[in-house]
Amino acid sequence: MNLREGSIGALELRNTLAIALIASGLFAMSPYALYAQGNLSYATIPASMLVALIVAFVASLAIRRGCEQSLFDMTKESIGAFAAVVLCVSIVLGLVISAIAPLIQFLRILQHYIFTADYFTIGVFIAIAICFIGVLGFECIGRTANVMATVLLLTLVFILAVPLGSYDVYRMLPAVESSADFAVLQATEALPLFLALLLLPLCMPKAVHGVKYARRPIVCAGAIAIVATFVALLCIALVFPYEVLRGEYAPLFRLNTLVEAEGSFVRVEKITVFLLLAGCIIGCAYAVYGSSRLVAQLTSQRDTRPGALCIGMASVAAACAICLYEGRIDGLMECLSTAKRILGGVMAALVIVASVVSTIKHAARGEKQVCGE
């Protein structure tokens, strides 16, 4: 077997999850989708991440109490094999979406402000990096994240600290154009991305030394990502009113301009783009490997490398196609947004139901202790 799981420690898992979550939190949704009817993103995205973290934490507790090996095993024992397969497929779809969505924003940034090449030419180089790391496996991804975590954190701090004297609360008002109903839609649309990223370690416990040792890194990574995403999105709101943000491709990298900028980035902005692009690649590689690992499990395959290669290339190709046909597939993107909300609901419902049923069965057996304790 060549599942490329390897074995990583708590630090590598925490850094990998934090990078993937922050990349999805900051770049998974387009500025127009976030700011079309106002700006509550600094509340909706962290809230969605918090809900996903709570669901993952409850699942990890139920797995330990039910003496199961993984999330898949717990779901299978609790509510049946079919439900376990549906949950596994849902996580795969969530991971694929979490790989594609941030790439769309970075491709737009690179094509509009830095390069003059077309999307697919830029995408080739990104695909090489994602596929290379994804094929090498989970341990390689964890080690790479461990090396890059401090650099990425300092980069984000630098981006937010440069315009420190320019932040003003009045730019946050009005927060909504007419109604705040869009906030719920934003939160539910982002939910499947965060859920899939957080649930993945519970699906391959051998790679993280068991669910018992994965719970704390998952909680720490989620907490770090929630704080970082909240601060970054709040800083954006303190610089740009939402009317400006609607048409801005890269508000995070424009914080020092105070206006809607046009043309190429200056040198420092280009450096920060490429540094955060490295974080996006790590997050995408994690999602690509995780989806290929679950597909291999579902199809009884013994090698994740072909799946990682195919999913990585297909994800970049899909991101390039969406960028290329921007404005001409609005109806399709609206349908995809609805599908993501349904996917998040299905995923959360299955995990919660399986956790509750497993806990009840465990209590009915009269078992007083958690396995291994």
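Quick caveat: nothing in here was measured; it's all calculated off a predicted structure. (Residues numbered from 1 in each chain as written. Predicted model: local features only at pLDDT ≥ 70, side-chain atom pairs only at ≥ 80, totals over all residues. Heavy atoms only, no water.)

Quick word on the overall build of the chain
Let me state the cut-off plainly: Runs of H or I in DSSP of at least four residues are treated as helices and runs of E of at least two as strands, each being numbered from the N terminus. We take the radius of gyration over the C-alpha atoms and set the globule estimate at 2.2 Å times the residue count to the 0.38 power. Only protein chains enter the accessibility calculation, which uses a 1.4 Å probe. A residue is then buried if its area is under 20% of the maximum for its type, exposed if over 50%, and partly exposed in between. Computed by Shrake-Rupley with a 1.4 Å probe, the accessible areas treat only the displayed protein chains as cover when residues are assessed. A residue counts as positive if it is Lys or Arg and as negative if it is Asp or Glu; His and the chain ends are not included. Each charge is placed at NZ for Lys, CZ for Arg, CG for Asp and CD for Glu.
The secondary structure content of the chain amounts to 13 helices and 0 strands. Relative to the compact-globule value of 21 Å for 373 residues, the chain shows a C-alpha radius of gyration of 20 Å, a close match. Viewed in the frame of its principal axes, the chain has a C-alpha envelope of about 65 × 40 × 40 Å. Split into buried and exposed, the 373 residues of the chain put 53% on the buried side. Summed over all atoms, the accessible surface of the chain reaches about 15700 Å², with 67% contributed by carbon and sulfur. Counting 25 positive and 22 negative side-chain charges, the chain places the averaged centre of each group 10 Å from the other.

A few points about the layout of surface pockets
The following threshold applies: Only protein atoms enter the 1 Å grid, on which a cavity is a set of points fitting a 1.4 Å probe that cannot get out and a pocket is an open set with protein on both sides within 12 Å along at least 5 of 7 lines, lining residues being those with an atom within 4 Å of a point. Grid points are joined across faces, edges and corners, and a volume is the space filled by probe spheres set on the points. Any residue outside Ala, Val, Leu, Ile, Met, Phe, Trp, Tyr, Cys, Pro, Asp, Glu, Lys and Arg is labelled polar, Gly included; the first ten of those are nonpolar and the last four are charged.
Reported here for the largest pocket is a volume of approximately 1100 Å³. The wall of the largest pocket is formed by 37 residues, among which S30, A33, E189, M333 and S337 lie closest to the centre. Among the elements of the structure, α2 (31-35), α5 (81-114), α8 (182-203) and α13 (330-364) are those that each provide at least two residues to the lining of the largest pocket. Ranked by residue count, the leading element in the lining of the largest pocket is α13, at 9 residues. When its residues are assigned to classes, the lining of the largest pocket shows 21 nonpolar, 7 polar and 9 charged.

Thoughts on the packing of helix α1 (residues 10-27) against helix α7 (residues 138-161)
Heads up, the condition is: To get an axis, a line is fitted to the C-alpha atoms, and for a helix only the part in contact is used. The angle between two axes follows their N-to-C directions and goes from 0 to 180 degrees. Each angle gets one of four labels, with under 35 degrees taken as roughly parallel, over 145 as roughly antiparallel, 65 to 115 as roughly perpendicular, and the rest as oblique. For any helix crossing, the convention is left-handed if the near helix is rotated counterclockwise from the far helix by under a right angle, and right-handed if that rotation is clockwise. By definition, residues are in contact when any of their heavy atoms lie within 4.5 Å.
Closest axis-to-axis distance for the α1/α7 pair is 8 Å, and the angle between their directions is 60°. By the angle between their directions, the pair α1 and α7 is classed as oblique. The interaxial crossing formed by α1 with α7 has left-handed handedness. Residues L11, E12, L13, N15, T16, I19 and L26 of α1 touch α7, and the partners they reach there are F138, I141, G142, R143, A145, N146, A149, L152 and L156.

Let's talk about unusual backbone geometry
Across the chain, the bulk of peptide bonds are trans and the bulk of non-glycine residues have phi less than zero. Although it is not a glycine, H209 sits at a positive phi angle of roughly 65°. Here H209 shows up in the loop between α8 and α9 (211-239). Looking at H209, the relative accessible area reads 47%, which means it is partly exposed.

Comments concerning the confidence of the model for the chain
Quick reminder of the rule: For every residue, the pLDDT score states the predictor's confidence, bounded by 0 at the bottom and 100 at the top.
Within the chain, residue pLDDT values average 88, and 94% of them lie at 70 or more. With pLDDT under 50 throughout, residues 259-263 is counted as low confidence; its partners more than four residues away or in other chains account for 11 contacts.

Examining empty space enclosed by the protein
Gaps left between atoms show up when a probe the size of a water molecule is rolled over them. In the structure shown here, the tally under the stated rule is 5 cavities of 30 Å³ or more. As a volume, the largest cavity reaches approximately 140 Å³. As for the largest cavity, its lining consists of 15 residues, and the residues nearest its centre are L26, F27, M29, P31 and P251. Mapped onto the lining of the largest cavity, the elements with two or more residues apiece are α1, α2, α5 and α9. Considering every element that reaches the lining of the largest cavity, the biggest residue donor is α2, with 3 residues.

Quick word on the packing of aromatic side chains
Cut-off, in case you're wondering: A pair of aromatic rings is counted whenever rings of Phe, Tyr or Trp (Trp by its six-membered ring) have centres within 6.5 Å, and the orientation is called stacked for planes under 30 degrees apart, edge-to-face for over 60 and tilted otherwise. Counted as over-ring charges are cases with an Arg CZ or a Lys NZ within 6 Å of the ring centre that also lie within 35 degrees of the ring normal.
Inspection of every chain in the model, using the stated rule, returns 5 aromatic pairs. Taken together, a centroid distance of 6.2 Å and an interplanar angle of 10° make the contact between F27 and F253 stacked. You can see F27 sitting in helix α1 and its partner F253 sitting in the loop between α10 (242-245) and α11 (267-298), a full 226 residues away along the chain. Residue F27 is classed as buried on the basis of its relative accessible area of 9%. Site record: aromatic cluster; members linked through ring pairs are F27, F106 and F253. The ring of Y113 carries R254 above its face, with NZ or CZ at 4.7 Å from the centroid.

Focus on the nonpolar core
Rule in force here: Side-chain atoms within 4.5 Å link the members of a nonpolar core, which is a set of buried Ala, Val, Leu, Ile, Met, Phe, Trp, Tyr and Cys residues.
Formed by 125 residues in total, the largest nonpolar core has its most connected members in L71, I91, L199 and L252. Sorting elements by how many residues they give to this core places α5 first, with 17 residues.

A short note on the packing of α5 against α13
Packing of α5 against α13 leaves a shortest axis separation of 10 Å and a crossing angle of 135°. One way to sum up the angle between α5 and α13 is to call them oblique. You can see that α5 and α13 cross each other, and the crossing is left-handed. In this structure, α5 contributes A83, V86, L87, S90, I91, L93, G94 and I97 to the contact, and α13 contributes K340, L343, V346, M347, L350 and V351. The residue makeup of the contact of α5 with α13, split by class, is 11 nonpolar, 2 polar and 1 charged.

Considering the side chain of S358
Here S358 is to be found in helix α13. Judged by relative accessible area, which is 5%, S358 ranks as buried. The residues contacting S358, other than those within four sequence positions of it, are A62, G66, M74 and S78.

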